[in-house]
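Examination of the molecular architecture
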Amino acid sequence: MGAVMTAGLGMAPAATAAGHPLKKGLKVFVVPKNLGNSYFTTADSVKSGGALAALKALGEQGQETSGTADSPSSQLPVIQADLSKGANALVISATDPTALCPTLNAAMKRGVVVVTYDSDAPACRSLFINQASPQGIGAVEVDILAKELHNQGQIAVVSASASDTNQNTWIGYMKTELKKYPKMKLVSIVYGNDDTATSTQVTQGLLSRYPNLKGIISPTTVGIAAAAAVLDTAKYRGKVKLTGLGTPDEMKKYVADGTVQAFALWNPASLGYLAAYAAVELASHSITNAKGQSFTAGKLGKFTVGAGHTVLLGPPFVFNKSNINKFNF
Ligand code: RAM
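Computed from a predicted model, the values in this text were never measured in an experiment.

Procedures and definitions
Here, residues in each chain are numbered from 1, in the same order as that chain's written sequence. Two thresholds apply to this predicted model, a pLDDT of at least 70 for residue-level local features and 80 or more for giving and counting side-chain atom pairs, whereas whole-chain, interface and lining totals are computed over all residues. Only hydrogens and water are set aside when side-chain values are computed; all heavy atoms of the structure are taken into account. Orientation is described by lines fitted to C-alpha atoms, with helices fitted over the stretch in contact, and by angles between N-to-C directions that extend from 0 to 180 degrees. Secondary structure elements are defined from DSSP: runs of H or I of at least 4 residues count as helices, runs of E of at least 2 residues count as strands, and each element is numbered from the N terminus. In these notes the angle categories are as follows: under 35 degrees is roughly parallel, over 145 is roughly antiparallel, 65 to 115 is roughly perpendicular, and the rest is oblique. Definitions for this section: a left-handed crossing has its near helix turned counterclockwise from the far helix by less than a right angle. A right-handed crossing has that turn clockwise. Contact criterion: two residues are considered in contact whenever any of their non-hydrogen atoms come within 4.5 Å of each other. Note on residue categories: nonpolar means Ala, Val, Leu, Ile, Met, Phe, Trp, Tyr, Cys or Pro, charged means Asp, Glu, Lys or Arg, and polar means any other residue, Gly included. Note on definitions. A residue lies near a molecule or strand when any single heavy atom of the residue is within 4 Å of it. Polar contacts here mean pairs of N or O atoms no more than 3.5 Å apart (in protein, one a potential hydrogen donor and the other a potential acceptor; neighbouring residues in sequence count only if both atoms are side-chain atoms). The protein chains shown are the only cover counted for residues, whose accessible areas, like all others here, come from Shrake-Rupley with a 1.4 Å probe. Note: domain ranges come from an automatic or database domain assignment. Buried area is calculated as the accessible area (1.4 Å probe) missing from two parts once they are joined, with the contributions of both summed. We define a salt bridge as a contact between a side-chain nitrogen of Lys or Arg and a carboxyl oxygen of Asp or Glu at a distance within 4 Å.

Some remarks on the packing of helix 3 (residues 72-84) against helix 4 (residues 101-109)
It is at 10 Å that the axes of helix 3 and helix 4 come closest, and there the two elements cross at 15°. Looking at the two axes, helix 3 sits roughly parallel to helix 4. Helix-helix and strand crossings are classified by hand; for helix 3 and helix 4 the assignment is left-handed. Mapping the contact onto sequence places Leu76, Ile79, Gln80 and Leu83 in helix 3 and Thr103, Leu104 and Ala107 in helix 4. Here the contact of helix 3 with helix 4 is composed, by residue class, of 5 nonpolar, 2 polar and no charged.

See below:
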């Protein structure tokens, strides 16, 4: 991978002392789309070196909270409960670009810091910590599939929920990238709601509705693992190609047996760690959310706020059988 910091997977530069006086003891709630998704467990937990590890190292009171479903109706009451517990900062993967905004904007007016990570709510946060460029994420998935399909055939998308900001943004860029491949036809987009059973059902539905389907892109770690399990049979293995965004641990088996050749992701723990640092920097008034502001995120090194009040982790990384066994998350 070289020395380039590939979405947090490469060698991190040594920590540099930024010298900002960061506040300690802040109540910081980390709110993934939902609980029970191993991607977010890695992004958030102390054990993996995610958001709660950064908060612990900084001397903050960090806690992960969310609902059980990937939906604003499940996530919003938890955010409201966090606020009533006196949250100083929230780090949120938004299940909807706007539904959380009345609550989050009211909280920001009272001085609560809101940082989004993974999935954005642009109208109601100070900073978005973006895992990788959305154009890059959309394009890499289409390009992997195009190569495997020799640029032709019917394809479909198995997404997360219909309201998730991140998947919808990436699907938009997939459509742009597909213009390069006029013989590849996107016939359907279905939603598994980041729930394994639903993702399994919608994948099976696609296969029965489109007997000529040649490829599936699933830009969600839950969706791709469920779709891979469906395709891992003699009937479909290698015949219906699958790519998207997955965790190496959940995909190793399917790469080993040929159900999947390649897929992409970033380091979720680095994403959570960076988001936690950004939230503490803002809550300590060490930085503002203005373009050009910079801060040191511990072991990950220095980051600078870019256009649209976003901080970028790095480019996505492509996993395949030659490298997947080097990763454990
Ligand atoms: C799932 C979630 C998450 C997304 C990853 C790729 O775990 O939908 O938001 O970033 O997939």
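Here the narrative resumes.
Some words on the site of the ligand
Taken together, the neighbourhood of the ligand is formed by 16 residues, with Lys33, Asp118, Gln167, Asp194 and Thr221 sitting nearest. A distance of 2.9 Å separates an oxygen atom of the ligand from a polar atom in the side chain of Gln167. The side chain of Thr221 places a nitrogen or oxygen atom 2.6 Å from an oxygen atom of the ligand. Within the complex, 100% of the 290 Å² of free accessible area of the ligand lies under protein. Per element, the largest residue contribution to the shell around the ligand is 3 residues, and it comes from helix 6 (residues 165-178). Tallied by class, residues from the shell around the ligand come to 7 nonpolar, 6 polar and 3 charged. Both domains that furnish three or more residues to the shell around the ligand are identified here as domain 1 (27-132 + 267-317) and domain 2 (134-260).

Remarks on the domain arrangement of the protein chain
Split by domain assignment, the protein chain resolves into domain 1 (27-132 + 267-317) and domain 2 (134-260). When each unit is reduced to the centre of its C-alpha atoms, the spacing between domain 1 and domain 2 is 27 Å. Listed as interface residues are 18 residues of domain 1 and, on the opposing side, 18 residues of domain 2. Together, the buried faces of domain 1 and domain 2 total about 1200 Å²; carbon and sulfur atoms form 45% of this surface. In this assembly, domain 1 and domain 2 are joined by 1 salt bridge. In this structure, Lys33 and Asp164 form a salt bridge, with 3.5 Å as the shortest nitrogen-oxygen distance. Where domain 1 meets domain 2, there are 8 residue pairs in polar contact (both at pLDDT 80 or more). Considered class by class, the residues forming the side of domain 1 that touches domain 2 number 6 nonpolar, 7 polar and 5 charged.

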